[in-house]
Amino acid sequence: MFSARSYVRWAGPLAMGLAVLGVVPSTAHATAAPVHDDFNGDGYQDLVVGAPWATVGGQSRAGEVTVMYGGPHGLSTARRTVISRAGNGIPGSPVKDQKFGQQVSKGDLDGDGYADLVIGVGVGATDSVIVWGGPGGLSGTGTSIPASNTQTGDFDGDGKPDLALFRTGYSQMDDPSGTTGTIWKGPVTRTGTPSGTTAIDPDGYLKVIDIWDGGAGDVNGDGRDDLALEAYCGEGYYCAQLYLSSPSGLVRTDEPFYGSATALGDVNGDGYDDLVTGDSLNERIMVAYGSKSGLTPPATWKFFSQNTPGVPGAKESGDNFGWSVAVGDITGDGIDDVAVGVASEGLGSLRAGMVNILRGSRTGLTGAGAQGFTQNTPGIPGTAEKGDDFGSSVQLLDINGNGYADLAAATVHENAGDGAVWELRGRPTGLVTDAALVFGGKAVGAAYAKARFGDELD
């Protein structure tokens, strides 16, 4: 927990009379960030924070999203945009239990050189919204699209980002509600018209699972993004499924993966993205390595837990090691590292949470040199408390443009469910706690009471 004094107070104005709060662009940066992470084109990666339980327009759990713009000194609560459905410009109205911002994706969908943000919902019948980027950041205007959640990637290899749209019911009963999926070929116009459409999964597998989230990356180096999907598979179990791109579209691989968190990145530096899945039920993560022919055989996949030599903490039932995962190059050595949320890590008698960092290397992911951080780690603001769930979501982005990925880690139950996000800086030695920042919804002028600020990070 941390007190109100730990917050940097909001000082920005309302913008454009919409349900979007002020943007203060950062100074231009000489080395451009990947376009899909840069909403205002200043060269710095930007962080998206979902608060799906926020009360908006008097409607509980209507949901809200905050975009924190990167800059030379990292994140600042003065540079942000807060987006909800409580005003003009964003299609729809706040609805109880809609959970706007439960899932997000991003990419330059219209090809103008600025990333656009797609905000999903927690109610399958409700549409997602594209909010368009530009020189001043996200514009505050949006376009409704027929999906509950989405993923972006260049699935056909033509150099233009495509949009995968999913409609699902988010069932958590024995039997999933089922999902329908479509690829919108890019570019997508600001009126919501794609260049073409392609069905996903003609064999019908999506009909028996509920897609919740996922990610894209090129596991076989063919220049087309492949798609990893997180899903509820029924009977209380969560799974992941990989679809390989091909000239004829996305093709489902035979092997399902157990776990409810996924990320893709190159953790052995061989030029092929690897699939990382978090299996918190079994207190572990799995790495399936990419190759020219796709993922290597299951016998080569590696598993890591807090029993792996070098990984801080002790493997215990209920710790939820692998609750969240993220991939990025923290040390700047050209090889991606992995952040693992251990949302219920025990600290003495407290189930307060932890984040472990595992290093990538030329021989693959390793426990050697791993790090562990909690709210009791010296230099990190706040104090660990029971049920905080530090590490309930994680993301790795180079938000200050120095070549080292920085960690964003959320504690969704901080301050009785308000939620908060911590930022730690990357360095050649790993993550450091100097210049650590913590902020919640109140600091950015957003709805904050029981909002679960940070439930989604991207």
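Residues numbered from 1 in each chain as written. Predicted model: local features only at pLDDT ≥ 70, side-chain atom pairs only at ≥ 80, totals over all residues. Heavy atoms only, no water.

Asks: How should I be thinking about empty space enclosed by the protein in this particular structure?
Replies: Which parts of space are left empty comes out when a probe the size of a water molecule is rolled across the atoms. By the definition in use, this model includes 1 cavity of 30 Å³ or more. Each pocket or cavity is described by its volume, and for the largest cavity that value is around 50 Å³. The wall of the largest cavity is formed by Leu 47, Leu 75, Gln 395, Leu 396, Leu 397, Ile 399, Asp 406, Leu 407, Ala 408 and Glu 423. When residues of the lining of the largest cavity are traced back to their parent elements, those giving at least two are strand 27 (390–397) and strand 28 (406–411). The class makeup of the residues in the lining of the largest cavity is 7 nonpolar, 1 polar and 2 charged. (1 Å grid on protein atoms, 1.4 Å probe; cavity = no way out; pocket = protein on both sides within 12 Å on 5 of 7 lines; lining within 4 Å. Points joined across faces, edges and corners; volume = space filled by probe spheres on them. Helix = DSSP H or I, 4+ residues; strand = E, 2+ residues; numbered from the N terminus. Nonpolar A, V, L, I, M, F, W, Y, C, P; charged D, E, K, R; others polar.)

Asks: Teacher, can you tell me more about the layout of surface pockets here?
Replies: Approximately 180 Å³ is the volume attributed to the second largest pocket. Every residue lining the second largest pocket is counted, 13 residues in all, and those nearest its centre are Phe 155, Asp 156, Ile 183, Thr 198 and Gly 249. Among the secondary structure elements, those contributing two or more residues to the lining of the second largest pocket are strand 10 (179–185), strand 11 (196–199) and strand 15 (249–252). Residues belonging to the lining of the second largest pocket are distributed by class as follows: 5 nonpolar, 4 polar and 4 charged.

Asks: I would appreciate a short explanation of unusual backbone geometry in the present structure.
Replies: Note on backbone geometry: most residues besides glycine have negative phi, and most peptide bonds are trans. Between Gly 186 and Pro 187 the backbone carries a cis peptide bond, its omega angle lying at 0°. The phi dihedral of Lys 99 is positive, around 55°, even though this residue is not glycine. By the secondary structure assignment, Lys 99 is in the loop between strand 3 (80–83) and strand 4 (104–107). A positive phi is found at Glu 235, a non-glycine position, where the angle reads about 55°. Looking at the element boundaries, Glu 235 is found in the loop between strand 13 (226–234) and strand 14 (237–246).

Asks: Could you clarify how one ought to interpret the packing of aromatic side chains in this entry?
Replies: To describe a pair of aromatic rings, you give the distance between the ring centres and the angle between the ring planes. Counting across every chain of the model gives 5 aromatic pairs. Measuring from centroid to centroid gives 5.1 Å for Phe 257 and Trp 301, while their planes differ by 40°, and the two rings are tilted. In this pair, Phe 257 is assigned in strand 16 (residues 257–258) and Trp 301 in the loop between strand 19 (284–288) and strand 20 (302–304), connecting sequence segments 44 residues apart. Through a chain of ring-to-ring contacts, three or more aromatic side chains come together here, namely Trp 212, Tyr 232 and Tyr 238. One Lys or Arg, Arg 61, reaches over the ring of Trp 53 and ends 6.0 Å from the middle of that ring. Geometry around Trp 53 places Arg 452 over its ring, the cationic atom sitting 4.9 Å from the centre. (Phe/Tyr/Trp six-rings, centres within 6.5 Å; stacked < 30°, edge-to-face > 60°. Lys NZ or Arg CZ within 6 Å of the ring centre and 35° of its normal.)

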